Amino acid sequence: MHKLTRALLSIGLILTIGMGLSACKQQQPTPPPTLVRTMQVIKQDTPVSYEFAGQVEAQQEAQVRAKVTGMIIAKHITGGQQVNAGDPLFTIDARQYDAALLNAQAQLAQSRANQVRAQQDFERYGTLLNKGAVSQQQYDLKKSEYEQLTAQVNAMYALANRAEVDISETIVRAPISGKLDTKDLNIGTYVVAGNTVLVTVSAADPVNVAFNMSENEYLKLARQPAATLGKNGAEVELVLSDGSLYPTKGKITQTSSVLSQNTGALMMKAAFNNPQGLLVPGMFARIKTPGEFRQNALLVPQKAIQEQLDKKFISVVNAEGKVEMRPITVGPRVGNLWVIESGLTENDIVIVEGFQKSPPGSTVNAKPITLEELYPSNK
């Protein structure tokens, strides 16, 4: 009897706990919808421009190589400094070339002495030939000896001149005006003529910006009224990596005559004056060129665009307050906005902040935001 009572009490306790837990679960509040910031698609007449990724490069760049072999015994520069054409950069040990010059000069002097004696014999045999005292064969032999020694003198002249040039080349000078890189060699380095790069000098003003344009982009721009981008002399702007606009416009100076077989793109170069040295070779920037004027263009903030692999999407809030993800096609960029070619309508509400926490199908609390609030730095 006592065992039965305890069993019934245990069952009652389990049922009581189970009902309590069930009641707790039923009493847990539903989490509120995720707060997102939204904006209606902007529709307005918009002048659009096109941008192309580019890289700054020197118009002139020279690798300074040693023209003579030897050890660097003096260094007249520091890496990164500005130099003028003709400035001394390095000095290479000239002792072996001094000795070569002295040897060449000695051989030249000996050759000159031999030439003088041969000339005297040649002239004397000419007189004797006229008198019939020597044969034509003897005269021709003296003439041949004189001509050989004259050729030897000329060879010794060339050898002495080459030795003088080698001595002058032991002072390595800047071939162009520009800025040195920092990979310069140090005193004590043994260099080989025509092989060792001592330093590289790049002309700093003006500079080129090389950029590529796809075939479709080229066709689109070429069909615009009064299109000039593919022509030398067309003006373009430069947007730096921090988003600022370079103060001076550049001009197209080079356009490839063929599309690249590897990329299918057209290579172009634009020249920009760089008096302050702000543009440095290797720097990335974007070439900006005016396009067409679009009427009733649809635009969304750049922050709203999501990228997955090579496709772009935007999260929108539908009439039921739920999230939908739309694939889109974008056009040119207009400041912080992107032109939408397809995928949205002017009535769509896009999520610009918070879409990371709002998967498709979820209910959200949409709160509008203005462009001024979204991009306060543009005020």
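Residues numbered from 1 in each chain as written. Predicted model: local features only at pLDDT ≥ 70, side-chain atom pairs only at ≥ 80, totals over all residues. Heavy atoms only, no water.

Under the definition given, this model contains two aromatic pairs. Judged by centre distance (6.1 Å) and plane angle (80 degrees), the ring pair of Tyr-246 and Phe-272 falls under edge-to-face. Of this pair, Tyr-246 sits in the loop between strand S12 (235–240) and strand S13 (250–255) while Phe-272 sits in strand S14 (residues 265–272), placing them 26 residues apart in sequence. (Phe/Tyr/Trp six-rings, centres within 6.5 Å; stacked < 30°, edge-to-face > 60°. Helix = DSSP H or I, 4+ residues; strand = E, 2+ residues; numbered from the N terminus.)

A separate point is the pattern of salt bridges. Throughout the structure, instances matching the rule amount to 13 salt bridges. Residue Lys-142 pairs with Glu-145 through a salt bridge whose shortest N-O separation is 3.7 Å. Residue Lys-142 and its partner Glu-145 are both found in helix H3 (residues 136–169); the two are separated by three residues, about one turn of the helix. Take Lys-142: its relative accessible area is 17%, and that puts it in the buried class. A residue is classified by how much of its surface remains accessible, and Glu-145, at 33% relative accessible area, is partly exposed. The partner of Glu-341 in a salt bridge is Arg-294, and the shortest N-O contact between them spans 3.1 Å. Taken together, the residues span a long stretch of sequence, with Glu-341 in strand S19 (residues 337–342) and Arg-294 in strand S15 (residues 284–301) at a distance of 47 residues. (Salt bridge = Lys/Arg side-chain N within 4 Å of Asp/Glu carboxyl O. Buried < 20%, exposed > 50% of the residue type's maximum accessible area, 1.4 Å probe, protein only.)

Taken together, the four strands give an open sheet; going across it, the order is S7-S6-S4-S9, and neighbouring strands pair in antiparallel fashion. The two strands at the open ends of the sheet, each matched to only one other strand, are strand S7 (171–173) and strand S9 (190–191). Of the strand pairs in this sheet, strand S4 (residues 70–75) and strand S6 (residues 88–92) are connected by three bridges, and their pairing is antiparallel. For Lys-75, the partnering residue across the bridge sits in S6 and is Phe-90. (Pairing = 2+ DSSP bridges.)

With that settled, consider the environment of Leu-159. Residue placement: Leu-159 occurs in helix H3. Ignoring any residue separated from it by four or fewer positions in sequence, one finds Leu-159 in contact with Ala-104 and Gln-107. (Contact = heavy atoms within 4.5 Å.)

Let's shift gears to the sheet that holds strand S3 (residues 61–65). The strand order across the open sheet formed by four strands is S3-S10-S8-S5, and the pairing between neighbours is antiparallel. Two strands lie at the open edges of the sheet, namely S3 and strand S5 (82–83), each paired on one side alone. One ladder, built from five bridges, connects S3 with strand S10 (residues 197–202); its direction is antiparallel. Each bridged residue has a counterpart across the sheet, and for Val-64 the counterpart in S10 is Val-199.

Our next topic: the side chain of Arg-294. Judged by relative accessible area, Arg-294 falls into the buried class, the value being 17%. Side chain to side chain, Arg-294 and Glu-341 meet in a polar contact 3.1 Å long. (Polar contact = N/O pair within 3.5 Å; in protein donor to acceptor, adjacent residues only side chain to side chain.)

Another point: helix H2 (residues 95–131). Here H2 is 37 residues long and its end C-alpha atoms lie 55 Å apart, about the 54 Å a rise of 1.5 Å per residue gives. Inspection of H2 places Tyr-97, Leu-101, Ala-104, Leu-108, Ser-111, Asn-114, Gln-115, Ala-118, Phe-122, Tyr-125 and Gly-126 among the buried residues, and these make up the whole buried set. Of the residues flanking the end of H2, it is Gly-132, one or two places downstream, whose phi is positive at about 80 degrees. (Expected span 1.5 Å × (residues − 1).)

Close contact between H2 and H3 brings their axes to 8 Å; oriented N to C, the two are set at 160 degrees. Put simply, H2 runs roughly antiparallel to H3. Relative to H3, the crossing made by H2 is left-handed. Its residues assigned to classes, the contact of H2 with H3 comprises 19 nonpolar, eleven polar and eight charged. (Axes fitted to C-alpha atoms, helices over the stretch in contact; angles between N-to-C directions. Parallel < 35°, antiparallel > 145°, perpendicular 65-115°, else oblique. Left-handed = near helix turned anticlockwise from the far one by under 90°. Nonpolar A, V, L, I, M, F, W, Y, C, P; charged D, E, K, R; others polar.)

This paragraph deals with the nonpolar core. Ranked by size, the top nonpolar core spans 43 residues in total, and within it Leu-238, Phe-272, Ile-314 and Leu-344 carry the most contacts. When residues of this core are traced back to their parent elements, those giving at least two are strand S2 (42–58), strand S11 (207–214), S12, S14, S15, strand S17 (311–317), S19 and strand S20 (349–353). Ignoring sequence-local partners within four residues, the contact set of Leu-344 consists of Val-41, Leu-298, Val-300, Ile-314, Val-316, Arg-326, Ile-328 and Val-350. If you look at the next biggest cluster of nonpolar residues, it comprises 20 residues, including Ala-62, Val-83, Phe-90 and Val-199. (Core = buried A, V, L, I, M, F, W, Y, C linked by side-chain atoms within 4.5 Å.)

Inspection of the secondary structure puts Pro-327 in strand S18 (residues 323–334). Pro-327 gets classed as exposed once you look at its relative accessible area, which sits at 55%. Expressed as a C-alpha distance, the spacing of Pro-327 and Lys-311, which sit 16 residues apart in the sequence, is 7.5 Å. Among residues more than four places away in sequence, those in contact with Pro-327 are Lys-312, Phe-313, Ser-342 and Gly-343.

What follows deals with unusual backbone geometry. A cis amide bond links Asp-205 to the next residue, Pro-206, at an omega of 0 degrees. Unlike most non-glycine residues, Asn-296 shows phi in positive territory, near 55 degrees. As for its position among the elements, Asn-296 is in strand S15.

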